[in-house]
Amino acid sequence: MRGESDGRNYGDAWMRRRVFTTAKALTTFERALVKVCATKATTVRVDRDDDDDDDDDDDAVRSTIDVGEFEDVTDWARRAVERGAEESRARCRAALPALEAMPTERSFFLAASDALEASVDDEGEGRSRRGRDRKVFAALHSPTRGGVYAVAANTNGGNAVLHAEMNLLFPADDARARRLIEPDTTLLVTLQCCRMCAARAVELGVRRAAYLREDPGPLASRTALAALARESRFDL
Ligand SMILES: [Zn+2]
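So, here is what we can say about the structure in this document.

So, how was this worked out
Residues numbered from 1 in each chain as written. Predicted model: local features only at pLDDT ≥ 70, side-chain atom pairs only at ≥ 80, totals over all residues. Heavy atoms only, no water. Donors = N, O, S within 2.8 Å, 3.2 Å for Na, K, Ca; no water. Buried < 20%, exposed > 50% of the residue type's maximum accessible area, 1.4 Å probe, protein only. Patch = residues over 30% accessible without salt bridge, like charges linked within 9 Å, V, L, I, M, F, W, Y side chains within 5 Å. Areas by Shrake-Rupley, 256 points an atom, 1.4 Å probe, with all protein chains shown as cover. Salt bridge = Lys/Arg side-chain N within 4 Å of Asp/Glu carboxyl O. Lys, Arg positive; Asp, Glu negative; His and termini not counted. Charge placed at Lys NZ, Arg CZ, Asp CG, Glu CD. Helix = DSSP H or I, 4+ residues; strand = E, 2+ residues; numbered from the N terminus. Core = buried A, V, L, I, M, F, W, Y, C linked by side-chain atoms within 4.5 Å. Domains from an automatic or database assignment. Contact = heavy atoms within 4.5 Å. Pairing = 2+ DSSP bridges. Axes fitted to C-alpha atoms, helices over the stretch in contact; angles between N-to-C directions.

### Here we look at the coordination of the zinc ion
No. 1: His 163 (ND1), Cys 194 (SG) and Cys 197 (SG) make up the full set of protein donors to the zinc ion, lying at 2.1 to 2.3 Å.
No. 2: Mapped onto the polypeptide sequence, the residues donating to the zinc ion form the spacing pattern H-x30-C-x2-C.
No. 3: The class of Cys 194 is buried, set by a relative accessible area of 6%.

### Things to note about a positive patch on the surface
No. 1: Together, Arg 89, Arg 93, Arg 176, Arg 178 and Arg 179 make up a region of like positive charge exposed at the surface.
No. 2: Listed by contribution, the elements that provide at least two residues to the positive patch are α3 (74-95) and α6 (174-178).
No. 3: For Arg 176, the position within the fold is in helix α6.

### Side note on the nonpolar core
No. 1: Counting residues in each nonpolar core, the largest one holds 34 residues, and the members touching the most others are Leu 140, Leu 168, Leu 169, Ile 181, Leu 187, Cys 193 and Met 196.
No. 2: Of all the elements in the fold, those that place two or more residues in this core are α2 (28-37), β3 (137-142), β4 (147-153), α5 (164-169), β5 (186-191), α7 (195-204) and β6 (208-213).
No. 3: Composition of this core by domain shows at least three residues from each of domain 1 (12-76) and domain 2 (84-233).
No. 4: Contacts of Cys 193, omitting those with residues within four sequence positions, involve Glu 165, Leu 187, Ala 198, Ala 220, Thr 223 and Leu 225.
No. 5: Membership of the second largest hydrophobic core comes to 17 residues, among which are Leu 96, Leu 116, Phe 137 and Ala 210.

### A few points about the sheet that holds β6
No. 1: Taken together, the five strands give an open sheet; going across it, the order is β4-β3-β5-β6-β7, and neighbouring strands pair in mixed fashion. Each edge of the open sheet is held by one strand with a lone partner, namely β4 and β7 (231-233). Strand-to-strand twist of the sheet, defined as the mean angle between neighbouring strand axes without regard to direction, takes the value 20°.
No. 2: Bridge analysis of β3 against β5 gives four bridges, and the strand direction is antiparallel. The residue bridging Ala 139 from the neighbouring strand is Leu 188, located in β5.
No. 3: Sheet contacts for α3: β3 and β4; angle to β4, the most-contacted strand, approximately 115°.

This is the structure we're talking about:
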């Protein structure tokens, strides 16, 4: 039960014990998100009152749900995203140089590699309270914006979905999300994107991604970025 033992439960364990319900078909991104949450989603069909048309819905999976059990998690999700962005900003400020100091993709990868090495040295006494986070950095680079224009760090120690890319690609409002990606933007990640993050990147219009290290995990196989041949390994 991640997130519970240190008393800083960001809702992860709570979410694991619940079933997401939805009346619409899930997008590729949403399906991957649910998978990373390790929670189950179900599509709910609301029964109509008319008793005499049973013949046309034999195929439908029906669920009887006590409405009292429903809980709207929109606010929780928003808070989790805000919290992730906040922690990510603090971590980047501490570990990476200013954006202006990273004009090229290579300069970001070099800085991120230094930061990753430094965090390995920190293991032990200097270990942070969220030490279980996998150390990953992500950035957006665009020549028209003059280089690296956004960075983020992984903060998934307390919430399984707050990968670096999620902290990077979920700005506070939709208007900002629409302006986030330029036609020449490259998504830079120190670890290959998982299915969830790749789907989000494609959803936002990312045409190219570059990663430093391959992710052998099952969640990084058959991603949307790989399927569209939009990702490649960066040789440092
Ligand atoms: Zn991911």
